[in-house]
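Take a look at the letters that make up each chain.
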Amino acid sequence: MTNNNAETALEKIIEKSDKCSPLTKEDLVFLLSIDDVSLKKRLFEAARDARSQHFDNKIFLYGFLYLSTYCRNRCRFCYFRNPNMASRRYRKDNDEVVEAAKRLAASGVHLIDLTMGEDPYFLDRGEKGFKKLTGLISEVKSETSLPVMISPGVVPDILLGDFSKAGADWYACYQETHNRKLFSKLRLDQNYDERIGKKYSAHNSGLLIEEGILTGVGDHIEDIADSIIAMREMDADQIRVMSFVPQEGTPLFDKFPADPQKEIQIIAVLRMAFPDRLIPASLDIDGLDGLKPRLDAGANVVTSLVPPGQGLAGVAQSELDIEEDRRSVESVKRILSDESLRVATVDEYKSWIKIRCSHVDKKTLKESVAC
Ligand code: SF4
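Remember, it's a predicted structure, so these values are computed and weren't measured experimentally.

What counts and how
Residues numbered from 1 in each chain as written. Predicted model: local features only at pLDDT ≥ 70, side-chain atom pairs only at ≥ 80, totals over all residues. Heavy atoms only, no water. Helix = DSSP H or I, 4+ residues; strand = E, 2+ residues; numbered from the N terminus. Rg over C-alpha atoms; globule rule 2.2 N^0.38 Å. Buried < 20%, exposed > 50% of the residue type's maximum accessible area, 1.4 Å probe, protein only. Contact = heavy atoms within 4.5 Å. Salt bridge = Lys/Arg side-chain N within 4 Å of Asp/Glu carboxyl O. Core = buried A, V, L, I, M, F, W, Y, C linked by side-chain atoms within 4.5 Å. Phe/Tyr/Trp six-rings, centres within 6.5 Å; stacked < 30°, edge-to-face > 60°. Lys NZ or Arg CZ within 6 Å of the ring centre and 35° of its normal. Arc of directions from axis to C-beta. Expected span 1.5 Å × (residues − 1).

S.K.: Can you walk me through the overall build of the chain in this structure?
M.R.: The helix and strand tally for the chain stands at 15 helices and nine strands. The C-alpha atoms of the chain give 19 Å as radius of gyration, which agrees with the globular expectation for 371 residues (21 Å, within 12%). Across its three principal directions, the C-alpha atoms of the chain cover 60 × 45 × 40 Å. Counting across all 371 residues of the chain, residues that qualify as buried make up 58%.

What follows is the structure, encoded as structure tokens:
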């Protein structure tokens, strides 16, 4: 394609995105393949415009509490996979989690993300473990008055309903890829359809859903385009991409060289494909230094703010920037003001959730809902 033709093709896709028309696989592959500097610049500018159109200059901030690093699974990319003897294991008491959640709330975050590995202590003891989790959600909700996201892995459908009753607003569960073959290589001995089904069940239980992909782990551009279409089909409310970070003690430790630029371009493409949804910039990959490029690509949520001094871990970078207090609201605020962006108010975030929930019509979940 000549440069003129490519410019025309890009403008046509931008126009479609402006009208909230679904992008085709061909459109997505085109956007993901752009490597010309001026076209890339135009793509990023359009992504920022799309964010402003739907969110003005508001950015949402998520506090992250990794409450248990135990896990029964052995995903090949993950530091916390069950057989990894090198990883740091802990399980926080509910009191410690609530304390950390209160600190995050006081610092100005909009949501508390309660994340854990598929810890048998919670998931394999029946009612006893489930009650511990739902009790934690209720307590965090009542002590902080903030929306709560729960990221517990694959859980029984009935528990998803209990999460919603306990006050959870979000269920996060990342497929990481929508290529079944790659999925089976990454998430060993896990069921692709069961994992996908949990997102539909969560919506049916009244929870908003976050779905996501991992890049740099053997995925191709077509796979990413297919993922975007799959995430649109499930009508995901928040869509994230994260780069694979090689983890000590895991089978993929020296298999894939990191390409930080790829994640940034995918964020811009996600914004074009999902102009009115939440798209995170995670501090978990490149820390605070990696925030600006992700915001420049159209992200509108900063995730993985972790309070220091409580022995809490991140996921992909278990320690980066945490004890230095660089994953804090104050540190993020400084970057936002340089970008002419601002931290939203809690009411603005709650109002987005309310409007979004009203869009989640149970009868039409399997249809794509654009804007
Ligand atoms: S990615 Fe999640 S489910 Fe897989 S091993 Fe890591 S913590 Fe467990």
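Continuing now.
S.K.: So what exactly am I meant to see when it comes to the side chain of Asn300 here?
M.R.: Following the sequence through the fold, Asn300 ends up in the loop between helix H13 (291–296) and strand E8 (301–305). By relative accessible area, Asn300 is classed as buried at 0%. When residues no more than four places from it in sequence are discounted, the contact partners of Asn300 are Arg51, Phe55, Lys58, Ile59, Phe60, Arg271, Arg277, Leu278 and Ile279.

S.K.: What is the right way to look at the pattern of salt bridges in this model?
M.R.: Side-chain pairs of opposite charge can arise where the charged atoms are in close proximity. A complete count under the given rule lists 33 salt bridges for this structure. Note that Asp124 and Arg72 form a salt bridge whose closest N and O atoms lie 2.5 Å from each other. A residue pair is termed long-range when its members are at least 10 positions apart, and Asp124 in the loop between helix H5 (120–123) and helix H6 (127–144) and Arg72 in the loop between strand E1 (58–68) and helix H4 (94–107) qualify at 52 residues. A relative accessible area of 32% places Arg72 in the partly exposed class. Between Asp119 and Arg91 there is a salt bridge, with its nearest N and O atoms 2.7 Å apart. With Asp119 in the loop between strand E2 (111–116) and H5 and Arg91 in the loop between E1 and H4, the pair connects residues that are 28 residues apart, well separated along the chain.

S.K.: How do you make sense of the nonpolar core when you look at a structure like this?
M.R.: Counting 111 residues, the largest nonpolar core has Leu31, Leu114 and Phe163 as the members making the most contacts within it. When residues in this core are grouped by element, the largest group, eight residues, is from helix H11 (residues 260–273). Ignoring any residue separated from it by four or fewer positions in sequence, one finds Leu31 in contact with Leu10, Ile13, Leu23, Leu43, Gln265, Val269 and Met272. Membership of the second largest hydrophobic core comes to 16 residues, among which are Ala172, Leu278, Ala344 and Tyr349.

S.K.: Can you walk me through the packing of aromatic side chains in this structure?
M.R.: Two numbers describe a pair of aromatic rings. These are the distance of the centres and the angle of the planes. Enumeration according to the criterion identifies ten aromatic pairs in this entry. An angle of 70° between the planes, with centres 5.7 Å apart, marks the rings of Tyr62 and Tyr349 as edge-to-face. Within this pair, whereas Tyr62 is found in strand E1, its partner Tyr349 is found in helix H15 (residues 346–359), the two being separated by 287 residues in sequence. An identical accessibility class is assigned to Tyr62 and Tyr349; each is buried. Members of the aromatic cluster, connected to one another through ring pairs, are Phe55, Phe60, Tyr62, Trp170, Tyr349 and Trp352. Directly above the ring of Tyr90 sits Lys92, whose terminal nitrogen or CZ lies 5.0 Å from the centroid. For Arg125, the ring lying beneath its charged end belongs to Tyr121, and the centroid distance is 4.0 Å.

S.K.: Whenever I open this one, helix H14 (residues 329–338) confuses me. Can you help?
M.R.: Two residues of an α-helix separated by three or four positions point the same way, owing to the 3.6 residues in each turn. Listed as buried for H14 are Val329, Ser331, Val332, Ile335 and Leu336. Each buried residue of H14 sits inside an arc of 160° when the element is viewed along its axis, so together they form one side. In H14, the exposed positions that point more than 90 degrees away from the buried face belong to Arg334, Ser337 and Asp338. Buried positions along H14 lie against E1, H4, helix H12 (283–286), H13, E8 and strand E9 (342–343). Where H14 terminates, the next one or two residues include Ser340, which has phi positive at roughly 55°.

S.K.: When you look at H4 in this model, what are you seeing that I'm missing?
M.R.: Given a rise of 1.5 Å per residue, 14 residues ought to cover 20 Å, and the 20 Å separating the end C-alpha atoms of H4 matches this to within 8%. Listed as buried for H4 are Asn94, Val97, Val98, Ala100, Ala101 and Leu104. Buried residues of H4 fall within an arc of 165° about the axis and therefore sit on the same side. Every exposed residue of H4 that faces more than 90 degrees away from the buried side is listed here: Asp95 and Ala106. Gly108 sits one or two residues past H4 and shows a positive phi near 115°.

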